[in-house]
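Residue strings, one per chain:
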Amino acid sequence: MHPPIEVAGRWIKRYHVTSDPVGIAPEVQSAAYAILPELLPEPDGTPPATFVVLHRGGDDGAYLNAYSWVWDNVLYFRGAAAGQPVLDCPDDDPSHFVTTDRPWIGCVWELPPILHERDAWVRHVLARRAPEVPHLDAYLTDYLAEGTTGYRS
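Here's a quick rundown of the structure.

Quick notes on the rules
- Residues numbered from 1 in each chain as written.
- Predicted model: local features only at pLDDT ≥ 70, side-chain atom pairs only at ≥ 80, totals over all residues.
- Heavy atoms only, no water.
- Buried < 20%, exposed > 50% of the residue type's maximum accessible area, 1.4 Å probe, protein only.
- Helix = DSSP H or I, 4+ residues; strand = E, 2+ residues; numbered from the N terminus.
- Salt bridge = Lys/Arg side-chain N within 4 Å of Asp/Glu carboxyl O.
- Core = buried A, V, L, I, M, F, W, Y, C linked by side-chain atoms within 4.5 Å.
- Contact = heavy atoms within 4.5 Å.

Details of unusual backbone geometry
Glycine aside, a negative phi is what most residues show, and trans is what most peptide bonds show. Phi at aspartate 72 takes a positive value of approximately 75°, unusual for a residue other than glycine. In this structure aspartate 72 comes out as partly exposed when scored by relative accessible area, which is 29%. Despite not being glycine, aspartate 88 shows a phi value in the positive range, around 65°. Here aspartate 88 shows up in the loop between strand S5 (74–82) and strand S6 (98–100). Judged by its relative accessible area of 59%, aspartate 88 falls in the exposed class.

Quick word on the pattern of salt bridges
Tallying each qualifying case throughout the model produces 3 salt bridges. Here lysine 13 and glutamate 117 are joined by a salt bridge, their closest N and O atoms 2.9 Å apart. With a gap of 104 residues between them, lysine 13 in strand S2 (residues 10–18) and glutamate 117 in helix H2 (residues 112–126) connect regions that are remote in the sequence. Its salt-bridge partner being arginine 118, residue aspartate 119 comes within 2.7 Å of it at the nearest N-O pair.

Observations concerning the nonpolar core
Core analysis: the biggest nonpolar cluster contains 19 residues, and Leu36, Val52, Leu54, Leu64 and Phe97 have the highest contact counts within it. Among residues more than four places away in sequence, those in contact with phenylalanine 97 are Val28, Ala31, Ala32, Ile35, Leu54, Ala62, Tyr63, Leu64, Ala80, Ala81 and Ala82. By size, the runner-up hydrophobic cluster in this structure holds 16 residues, among which are Tyr15, Ala49, Ile114 and Leu144.

See below:
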């Protein structure tokens, strides 16, 4: 598990997807999180929370999907990619991220966190424990169980 970080006034829960047992290279992680401010929405009064999926593909590609909670119960999506010419990346460097404007929200391996995060948002923020008081701290510690994102059901 990767602990939450604060970026541009938002709390970011982080998921990494890769088939490499070593994980995602530190330089790819650093480059992905450096572009993250460009993927975040303006504050709108919703508790400032985002979850990201950083995916290192089996090719040269690396992908960063940022899903931010806005308007109380809506997911705002923005993405970035590196090393993938099909997505208009300028080169094959997996640490050279550029924003994408495709309407894609993620590949099959990147989607499992969405279901978990939806349920966690309802549990901790929308089903308030006290009137008008979302429990953001509880949400930020509620992660999808460790393990592969492949073949979950």
